[in-house]
Amino acid sequence: MKKSIVIIVVLFGVTFANAQNIIVQQNNNTKSQQEPKVVYKEKVVYVEQKQQGPILVGGYLYVYPEKLGSYSTCPNAIINGINKKRAYGKNTWRLPTKEEYSIISASKNINLEDYGVYTRYTYNTYYTIWTYENKDKDYTGNYNIVVNLILVSDE
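The structure reproduced in this document is the subject of the present report.

Rules used throughout
Residues numbered from 1 in each chain as written. Predicted model: local features only at pLDDT ≥ 70, side-chain atom pairs only at ≥ 80, totals over all residues. Heavy atoms only, no water. Helix = DSSP H or I, 4+ residues; strand = E, 2+ residues; numbered from the N terminus. Buried < 20%, exposed > 50% of the residue type's maximum accessible area, 1.4 Å probe, protein only. Contact = heavy atoms within 4.5 Å. Areas by Shrake-Rupley, 256 points an atom, 1.4 Å probe, with all protein chains shown as cover. Arc of directions from axis to C-beta. Core = buried A, V, L, I, M, F, W, Y, C linked by side-chain atoms within 4.5 Å. Salt bridge = Lys/Arg side-chain N within 4 Å of Asp/Glu carboxyl O.

Looking at the overall build of the chain
Broken down by element type, the chain carries three helices and five strands. Going from N to C terminus, the chain has its helices and strands arranged as α-β-β-α-α-β-β-β. For the chain, buried positions account for 28% of its 155 residues. Long-range pairs, those at least 24 residues apart, make up 65% of the contacts in the chain between residues at least 6 apart in sequence. Accessible surface, the chain: about 11900 Å² in total, of which carbon and sulfur atoms supply 53%.

See below:
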């Protein structure tokens, strides 16, 4: 009878030790499988979308949507080149008249500062655009006048 009690105790001890070993192995496996949880949060970034085509002003006048720079003499070669390549599907880009410039500057659809034309004076500098009426003027050497190029088309 002593032998059978010893055998039962030994079997119980072996079974208990084996069960404890399985629990330890399971704990080790779950610890090694658990990696730090990384949470990604989306951040909304607003990007200003560039105008895709000419800007319509006054219901009839299209304004070329890109800044073309400032010049001391009228850049006829640039205007001709833009018309030759039919920029934005038009080959009738031209200088605006003074009246059309007034319409453009009053428009809520256009920010003239995007074209380099500032509505304020800076360091005694006057900013304006080339118009049909002043196309023959030469501003070379006149450093306090900056004349920018904006093109229009009425087709």
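Having seen the model, we can carry on.
Observations concerning unusual backbone geometry
Negative phi is the rule for most residues except glycine; trans is the rule for most peptide bonds. Even without being a glycine, Arg86 presents a positive backbone phi close to 55°. Here Arg86 is to be found in the loop between helix 2 (76–84) and helix 3 (98–106). Arg86 gets classed as partly exposed once you look at its relative accessible area, which sits at 44%. Its identity as a non-glycine residue notwithstanding, Tyr88 has a phi of 55°, on the positive side. Within the secondary structure, Tyr88 is located in the loop between helix 2 and helix 3. Overall, the relative accessible area of 33% leaves Tyr88 in the partly exposed class.

As for the side chain of Ser153
Mapped onto the fold, Ser153 is located in strand 5 (residues 152–153). By relative accessible area, which is 0% here, Ser153 ends up buried. When sequence neighbours within four positions are dropped, the list of residues in contact with Ser153 reads Tyr60, Leu61, Tyr62, Lys90, Thr92 and Trp93.

What about helix 2?
The set of residues buried in helix 2 consists of Ile79, Ile82 and Asn83. Seen end-on, helix 2 carries its buried residues on one side only, within an arc spanning 100°. Residues of helix 2 that are exposed and point more than 90 degrees away from the buried face comprise Ala77, Asn80 and Lys84. Among the residues trailing helix 2, Arg86 stands out with phi positive, at a value near 55°.

Considering the nonpolar core
Counting 14 residues, the largest nonpolar core has Val63, Ile104, Ile110, Leu112, Val117 and Ile150 as its most contacted members. Looking at this core, the elements that each hand over two or more residues are strand 1 (55–57), strand 2 (61–63), helix 3 and strand 3 (126–129). Here Val63 is in contact with Pro54, Ile55, Val57, Trp93, Ile104, Ile110, Tyr115, Ile150, Leu151 and Val152, once residues within four sequence places are set aside. Grouped together as the second largest cluster of nonpolar side chains are 13 residues, Cys74, Ala87, Leu95 and Val147 included.

Here we look at the pattern of salt bridges
Should their charged atoms come close, side chains of opposite charge can pair. All told, the structure shown has two salt bridges when counted by the stated rule. A salt bridge links Arg94 to Glu100, with the shortest nitrogen-to-oxygen separation between them at 2.9 Å. Arg94 gets classed as partly exposed once you look at its relative accessible area, which sits at 25%. The partner of Asp154 in a salt bridge is Arg94, and the shortest N-O contact between them spans 3.3 Å. Remark: Arg94 occurs in the loop between helix 2 and helix 3 and Asp154 occurs in the segment after strand 5; sequence separation between them is 60 residues. The class of Asp154 is partly exposed, set by a relative accessible area of 43%.

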